[in-house]
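Residues per chain, in single letters:
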Amino acid sequence: MQNFSDDVHTQSADDFALQTFFKTGISPDDISAVYSLKRAQPVLQAFTAIFHGGFNGVLLRLLVLRELASDTATTAFSRADINARLGYLDPDALETVLTRLRSTGLISWDNSQSVYRITPNARNVLAATESLLGTDENADAAEMSFVLTQVAGAQAVGGVSVEQLHHLLGRLLELTEEFSDAIASGSEFQLRSAQQKWHSACDWVEKGSQIIHAITHDERADAATHKAAQAIGRAQSHLLNMQGMFSRALNQIERQRVHLGQSGLSTTDIKTWLLQKDDLASLADDALSHPVTPLFITPSEMIDVAESELLSHRVSAVSGALPAGENAVALAGDDSDALHELDHWLGMLQGLSQNEQPQLVADLLTPVNFAVASYRASMLPLIGDPNESALQGATGTLARLPLQWQIHDKMKKVQAQDIASMSVATIARLPSETTPNSDSTS
């Protein structure tokens, strides 16, 4: 009777402490979400017993429980067996951990046989923990494997809950928002990183589609489960449709990329190279042969210089004198090499527009050196550009060619000077019904 009264007193004290977190006049028992959590009190207390306190204490408790649970030869452990199995631990530390696990109901003591046993509640907690610890976060860039595994496991035994589906739906919505922000940023590096995560997410979406299909066709599932599964299907569809958005954003960046002269290098190449450097300040070592000498000037000297400049301009304006003329600087050989290369490249593409069969872009870009191949590749986005086709000149002619090109997410090794591999892309003539009218665009 004494133990029962103590439990009632503890229960009343806990209820009173919980009531202090809610507004006056609102009882926690009237809220369904609170009721579901209080119903799971034994499981939550088991998690609290393991994970309460500092990290070292949590690690030690999990270590002892995992070592004991991994022994499949027996379910009962004497103190001598525990000491032998965990002989690398300090005896006092091991005694403290066993006392805590026993007091919280994670292990039980059998007086009749003088052995310890792991309780079923502790095995459930360990199973949930092992499932999370076994998630390969490095291979899952989208961080969906654990949530989808829980849904798949629950569906396999016929016990998937609406809360589990909501967790999966929430993760899909977070990924969609993250990818949308990357596309809106206009940063090529953010787009590349987001596209890699998108590919990982699509792999898990493909695996989860079968699970969602089974849930939606399960007659035993209630209306809330069906609704959550349908929302997941719509979120997956929206996520898969973002491939076109990534392609358009990357193509736009490709058109706006700045190339450094005839070197074939772009600003993206320079930024990638700089990001690979651990110490950017070291690049300035030995760059200056003489130290920078600061120039100090007083405010009075600044005023004198400003007055003299102002008066000289005023006298020039009053007298009406015009500045003396100068001959324009003659630019010899103004980008003649680039124009010749563009004319040669345009002639090759015009001959291709008469061919019915598609051709690999790599065959058209090579065999040349890296600078010429980069220049030709930079001209490809102009094909079919409506804004460029309205202009005159060689680039306008290039934009009006009845061609279309398509790039694939693969690389192909090539035999060319200074070039190891290229993206797999094809270029072919447009169908006759979609061929642009050269008269209307000129």
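Residues numbered from 1 in each chain as written. Predicted model: local features only at pLDDT ≥ 70, side-chain atom pairs only at ≥ 80, totals over all residues. Heavy atoms only, no water.

Caption draft 1: View of the overall build of the protein. Counting secondary structure elements, the protein contains 20 helices and 6 strands. The proportion of buried residues among the 442 residues of the protein is 29%. For the protein, restricting intrachain contacts to residue pairs at least 6 apart in sequence, the fraction spanning at least 24 positions comes to 59%. With an accessible surface of roughly 29,200 Å², the protein has 56% of that area assigned to carbon and sulfur atoms. (Helix = DSSP H or I, 4+ residues; strand = E, 2+ residues; numbered from the N terminus. Buried < 20%, exposed > 50% of the residue type's maximum accessible area, 1.4 Å probe, protein only. Contact = heavy atoms within 4.5 Å. Areas by Shrake-Rupley, 256 points an atom, 1.4 Å probe, with all protein chains shown as cover.)

Caption draft 2: Geometry of the layout of surface pockets. Size it by volume and the largest pocket reaches roughly 1,500 Å³. Taken together, 46 residues form the lining of the largest pocket, with Arg192, Glu254, Arg257, Ile407 and Ser423 sitting closest to its centre. When contributions to the lining of the largest pocket are tallied by element, the ones reaching two or more residues are helix 10 (188-216), helix 12 (242-256), helix 13 (267-275), helix 16 (361-365), helix 17 (370-379), strand 5 (403-416) and strand 6 (419-429). Sort the elements by how many residues they give to the lining of the largest pocket and strand 5 lands first, with 7 residues. (1 Å grid on protein atoms, 1.4 Å probe; cavity = no way out; pocket = protein on both sides within 12 Å on 5 of 7 lines; lining within 4 Å. Points joined across faces, edges and corners; volume = space filled by probe spheres on them.)

Caption draft 3: The arrangement of the environment of Ala228 in detail. By the secondary structure assignment, Ala228 is in helix 11 (residues 223-240). Ala228 gets classed as buried once you look at its relative accessible area, which sits at 5%. For the pair Ala228 and Val162, spaced 66 residues apart in sequence, the C-alpha to C-alpha distance is 6.8 Å.

Caption draft 4: Broad picture of the sheet that holds strand 5. An order of 4-6-5 is seen for the 3 strands of this open sheet, with the pairing classed as antiparallel. The open sheet has two edge strands, strand 4 (359-360) and strand 5, and neither has a second partner. Note: strand 4 against strand 6, 2 bridges, orientation antiparallel. The partner of Leu360 across the bridge, within strand 6, is Thr426. (Pairing = 2+ DSSP bridges.)

Caption draft 5: Molecular detail of the pattern of salt bridges. All chains considered together, the criterion is met by 9 salt bridges. The closest approach of N and O atoms between Arg79 and Glu95, which form a salt bridge, is 2.5 Å. Separated by 16 residues along the polypeptide, Arg79 in helix 5 (residues 79-85) and Glu95 in helix 6 (residues 91-103) bring together distant segments of the chain. Salt bridges sharing partners connect three or more residues here, namely Glu67, Asp71 and Arg85. (Salt bridge = Lys/Arg side-chain N within 4 Å of Asp/Glu carboxyl O.)

Caption draft 6: Examining a nonpolar patch on the surface more closely. There is a patch of nonpolar side chains on the surface, built from Val258, Leu260, Leu265, Ile270, Trp273, Leu274, Leu280, Leu283 and Phe370 and spanning about 740 Å² of accessible area. Take Leu274: it is sitting in helix 13. Residue class for Leu274 comes out partly exposed when judged on its relative accessible area of 33%. (Patch = residues over 30% accessible without salt bridge, like charges linked within 9 Å, V, L, I, M, F, W, Y side chains within 5 Å.)

Caption draft 7: The packing of aromatic side chains, seen in detail. Tallying each qualifying case throughout the model produces 4 aromatic pairs. Between Phe179 and Phe246 the ring centres are 6.0 Å apart and the planes differ by 65°, which places this aromatic pair in the edge-to-face class. Of this pair, Phe179 sits in helix 9 (residues 162-185) while Phe246 sits in helix 12; the two residues are 67 residues apart in sequence, bridging distant segments of the chain. Classification of Phe179 as buried rests on a relative accessible area of 0%. By relative accessible area, which is 0% here, Phe246 ends up buried. Aromatic rings pair up to connect Phe179, Trp198 and Phe246 into one cluster. (Phe/Tyr/Trp six-rings, centres within 6.5 Å; stacked < 30°, edge-to-face > 60°.)

Caption draft 8: Seen up close, helix 12. Given a rise of 1.5 Å per residue, 15 residues ought to cover 21 Å, and the 21 Å separating the end C-alpha atoms of helix 12 matches this to within 8%. All buried positions along helix 12 are accounted for by Met242, Phe246, Ala249, Leu250 and Ile253. Looking straight down helix 12, one finds its buried side chains confined to an arc of 95°; they lie on one side. On its buried side, helix 12 packs onto helix 9, helix 10 and helix 11. (Expected span 1.5 Å × (residues − 1). Arc of directions from axis to C-beta.)

Caption draft 9: Quick look at the sheet that holds strand 3 (residues 115-118). Taken together, 3 strands build an open sheet; the order of strands is 1-3-2 and the sheet is antiparallel. Of all the strands in the sheet, just strand 1 (76-77) and strand 2 (107-110) have a single pairing partner and so form its edges. Summarising the sheet, strand 1 and strand 3 pair through 2 bridges and their orientation is antiparallel. Opposite Ala76, over in strand 3, you have Arg117 as the bridge partner.

Caption draft 10: Focus on the nonpolar core. By size, the foremost hydrophobic cluster in this structure holds 34 residues, and its most contacted members are Phe179, Leu239 and Phe246. When contributions to this core are tallied by element, the ones reaching two or more residues are helix 8 (145-156), helix 9, helix 10, helix 11 and helix 12. At 10 residues, helix 10 tops the list of elements feeding residues into this core. Residues in contact with Phe246, not counting those within four places in the same chain, are Phe179, Ile183, Leu191, Ala194, Gln195 and Trp198. Formed by 24 residues, the second largest nonpolar core is a distinct cluster that contains Leu342, Leu346, Leu352 and Val368. (Core = buried A, V, L, I, M, F, W, Y, C linked by side-chain atoms within 4.5 Å.)

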